[in-house]
Number of protein chains: 2
Amino acid sequence: MSGAAPAGAHWVGIDWGTTHRRAWYFAGGELAGRYADDQGVLACAPRFAESLRELLQRLSAPADSTVVMAGMVGSATGWQEVPYLDAGQPVTAWARQLVPVAGAARWFIVPGCCWQQGDEVDVMRGEETQLLGAWSWAPRDGWYLLPGTHSKWVQLRDGRVVQLRTCMSGELYALLSRHGTLASLMPPAAGGRADDPLVHAQAFAQGVHAAGRGDLSRELFGCRARVVTGRLRREEAGAYLSGLLLGTEWHEALAHGLPRDAAVCVIGCPALSRLHLRCAQVLGLEAVALDADAVQVAAWRALGARAMETQA
Amino acid sequence: MSGAAPAGAHWVGIDWGTTHRRAWYFAGGELAGRYADDQGVLACAPRFAESLRELLQRLSAPADSTVVMAGMVGSATGWQEVPYLDAGQPVTAWARQLVPVAGAARWFIVPGCCWQQGDEVDVMRGEETQLLGAWSWAPRDGWYLLPGTHSKWVQLRDGRVVQLRTCMSGELYALLSRHGTLASLMPPAAGGRADDPLVHAQAFAQGVHAAGRGDLSRELFGCRARVVTGRLRREEAGAYLSGLLLGTEWHEALAHGLPRDAAVCVIGCPALSRLHLRCAQVLGLEAVALDADAVQVAAWRALGARAMETQA
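Cut-offs used in this document
Residues numbered from 1 in each chain as written. Chains lettered and ligands numbered in written order. Predicted model: local features only at pLDDT ≥ 70, side-chain atom pairs only at ≥ 80, totals over all residues. Heavy atoms only, no water. Helix = DSSP H or I, 4+ residues; strand = E, 2+ residues; numbered from the N terminus. Rg over C-alpha atoms; globule rule 2.2 N^0.38 Å. Buried < 20%, exposed > 50% of the residue type's maximum accessible area, 1.4 Å probe, protein only. Contact = heavy atoms within 4.5 Å. Areas by Shrake-Rupley, 256 points an atom, 1.4 Å probe, with all protein chains shown as cover. Lys, Arg positive; Asp, Glu negative; His and termini not counted. Charge placed at Lys NZ, Arg CZ, Asp CG, Glu CD. Pairing = 2+ DSSP bridges. Axes fitted to C-alpha atoms, helices over the stretch in contact; angles between N-to-C directions. Domains from an automatic or database assignment. Salt bridge = Lys/Arg side-chain N within 4 Å of Asp/Glu carboxyl O. Buried area = accessible area lost by both parts, 1.4 Å probe. Polar contact = N/O pair within 3.5 Å; in protein donor to acceptor, adjacent residues only side chain to side chain. Nonpolar A, V, L, I, M, F, W, Y, C, P; charged D, E, K, R; others polar.

Per an unreviewed UniProt entry, the recorded name for chain A is 2-dehydro-3-deoxygalactonokinase, and the organism is Caldimonas thermodepolymerans.

In structure tokens:
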């Protein structure tokens, strides 16, 4: 990346998603504060500028701070739609393609990333920033997993996204454990929250292995079939479902070129990263969890420096 | 099957599911009436006997009619839990294993069916009756598809269930088109109902083909990726999703032994059967739709005759 931020510079990086946003404030080149709230794109549209000014105040950041934003804020439902960049570019290119918010010279949005191959197409908004952060922090080709509502599996080669595969696991887990046949199997856990899947480690592992048969729609019903035939206890159904959905991601990655001896870099919240590390362990594969906050800080350093050069 | 029902006999067959029930009344060996309502297991528990007596009145059937019931009425959430029979028995055996409702000499429940192989297990309740009907009507080995909320794929050999595969397609379609990311893509159609998927025949076919890549969790997100990159129109997203989910069933069946030159017998409502026939056509496979009502009538004839022998 091109050099460090100028001394005395102030800038803010924001991961602005559909339902939440997280912000990092840098003053004089140093991390000076963090803030998170539930003012995602859905909650604060269409008053984005006003909401951003409030956010700067909460961070005690100067009103004239440079701001770099990533995520759904750049989608059609966000503040300003910013085109996807082609995945063929190096991840470092994202810092060079910041799009100014119309009428705001110091506010920028990071473009999303679009990968295509034959009839396949996949997209991300926000995760490309984390990949840039990981690369800025410790350049390393290979496989990255960014788990979440929509898990992103990314293969980097020469610092370029050569494969992008998004799985709906998180969303499917939420839908299936709240509505319909499988939800009706699962007893509500204490406090109304589902158990940690690793409390039922064996059921989780069984789900991971069942995923290896590759027929997700059928294996989902298998969760019910196991309970009604007494092979699985009701309180284990959520853990089995979690193992099945996350295991599917790993089996699919193996089917699409993940070498069995590669270490997958997992960038995500600790709870989800922990489940994926267990998943890898069950399958005899290797995974390392990167510190998601450190990765994000590295990304904002690279992006903030570039945003200030852009204005200069 | 053992002979016909005795002359002058009265009996009623009921397909009693989770949310609906359908009933057929036979008098003197002839079909004398049909009735359907929304008094499924969830709606009428725990007053099953009372609800059944009301149903007999609506059918103008004698209060002392023999009654044979199939479906979720025999599950743990139904009237009386009836064990699953092992799939290794011929489908005709189901008529010989009717379970009397406790305290009611002329009322019977058909057991469900459990298929297992290695670590795989699958179950059905109600569909085994339709298979018995199809077999009584025209014995034929091969592949049967009973589409629905939970689609059943069944391979019969020598009149026995040698493979049972349940796919959650119908439930996944309902969940994904009502909640979450994909639902938010789809514009509400006129009258609040989704378009018939075959109105967007090309998008449906694209979904069927995409299913061939075999990664359902990833291909579901692909529906969104196609819309946000302009490859698919919003109004086509539902048809694409339908093609993807139903196509997944067909590709999974091929992967599990369905010969490419076999004709799959589809037993289901006309709307769903039509979608599956198109699915087969897109993939260059053959499917024939059986008349679901005729199949069910054949089943009740076989089951009614047997129930009356049981009492004799």
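Once the structure has been displayed, the description carries forward.
## Considering the overall build of chain A
Helix and strand content of chain A: 10 helices and 14 strands. Its C-alpha radius of gyration of 21 Å places chain A within 12% of the 20 Å reference for a compact globule of 312 residues. Expressed along its principal axes, the backbone C-alpha trace of chain A runs to roughly 70 × 40 × 35 Å. When each of the 312 residues of chain A is scored for burial, the buried share is 56%. Contacts spanning at least 24 positions in sequence make up 63% of the contacts within chain A whose residues lie at least 6 apart. As displayed, chain A has an accessible area near 12,200 Å², and 50% of this comes from carbon and sulfur atoms. Across chain A, 28 positive and 30 negative side-chain charges occur, with their mean positions spaced 4 Å apart.

## Digging into unusual backbone geometry
Residue and element names in this part refer to chain A. The residue after alanine 45, namely proline 46, is reached through a cis peptide bond having omega 0°. Mapped onto the elements, proline 46 comes out in the loop between α1 (41-44) and α2 (48-58). Positive phi, close to 55°, is recorded for serine 60, a residue that is not glycine. As for its position among the elements, serine 60 is in the loop between α2 and β4 (66-70). With relative accessibility at 58%, the residue serine 60 sits in the exposed group. Although it is not a glycine, aspartate 158 adopts a positive phi angle of roughly 50°. Position of aspartate 158 among the secondary structure elements: in the loop between β11 (151-157) and β12 (160-167). In this structure aspartate 158 comes out as exposed when scored by relative accessible area, which is 56%.

## Description of the sheet that holds strand β8 (residues 112-117) of chain B
Taking strand neighbours across the sheet as the criterion, the three strands line up as β5-β8-β9 (chain B) in an open arrangement whose pairing is mixed. Every other strand in the sheet has two partners, leaving β5 (84-86) and β9 (120-124) of chain B as the edge strands with one partner each. Across the sheet, the mean angle from the axis of one strand to that of its neighbour is 30°, orientation sign disregarded. Bridge analysis of β5(B) against β8(B) gives three bridges, and the strand direction is parallel. The residue bridging Leu85(B) from the neighbouring strand is Cys113(B), located in β8(B). Packing against the sheet, helix α7 (residues 216-228) of chain A makes contact with β5, β8 and β9 of chain B, and its axis sits at approximately 80° to β9(B).

## A short note on the domain arrangement of chain A
You'll often see interface size given as the accessible area lost when the parts meet. Here the domain parsing of chain A yields domain 1 (10-126 + 296-310) and domain 2 (167-289). Each of domain 1 of chain A and domain 2 of chain A has a C-alpha centre, and these two points are 32 Å apart.

## Remarks on the pattern of salt bridges
Tallying each qualifying case throughout the model produces 34 salt bridges over all chains. Of the charged contacts, one joins Asp196(A) and Arg274(A) as a salt bridge, the two residues approaching to 3.0 Å between their closest N and O atoms. Taken as a pair, Asp196(A) in the loop between α5 (180-185) and α6 (201-210) and Arg274(A) in helix α9 (residues 270-282) lie far apart in primary sequence, 78 residues in all. Between Glu50(B) and Arg47(B) there is a salt bridge, and its shortest N-O distance comes to 3.4 Å. In this structure Glu50(B) comes out as partly exposed when scored by relative accessible area, which is 41%. With a relative accessible area of 31%, Arg47(B) lands in the partly exposed category.

## Observations concerning the interface of chain B and chain A
Counting residues at the interface gives 42 residues for chain B and 42 residues for chain A. Across the chain B to chain A interface the summed buried area is about 3,900 Å²; carbon plus sulfur atoms make up 57%. When the buried area of chain B at its contact with chain A is split by residue, Ser217(B), Arg218(B) and Phe221(B) rank highest and sum to 19% of it. The interface formed by chain B and chain A includes 12 salt bridges. In this structure, Arg226(B) and Asp119(A) form a salt bridge, with 3.6 Å as the shortest nitrogen-oxygen distance. Taken together, the connections running from chain B to chain A amount to 20 residue pairs in polar contact (both at pLDDT 80 or more). Elements represented by at least two residues in the side of chain B that touches chain A include exactly β8, β9, β12 (160-167), α4 (169-178), α5 (180-185) and α7 (216-228) of chain B. Counting residues per element, the side of chain B that touches chain A draws most heavily on α7(B), at nine residues. Its residues placed into classes, the side of chain B that touches chain A shows 18 nonpolar, 11 polar and 13 charged.

## Structural notes on the side chain of Glu171(B)
When you line up the elements, Glu171(B) lands in helix α4. Here Glu171(B) is buried and forms no salt bridge, its nearest opposite-charge partner Arg224(A) lying at an N-O distance of 7.8 Å.

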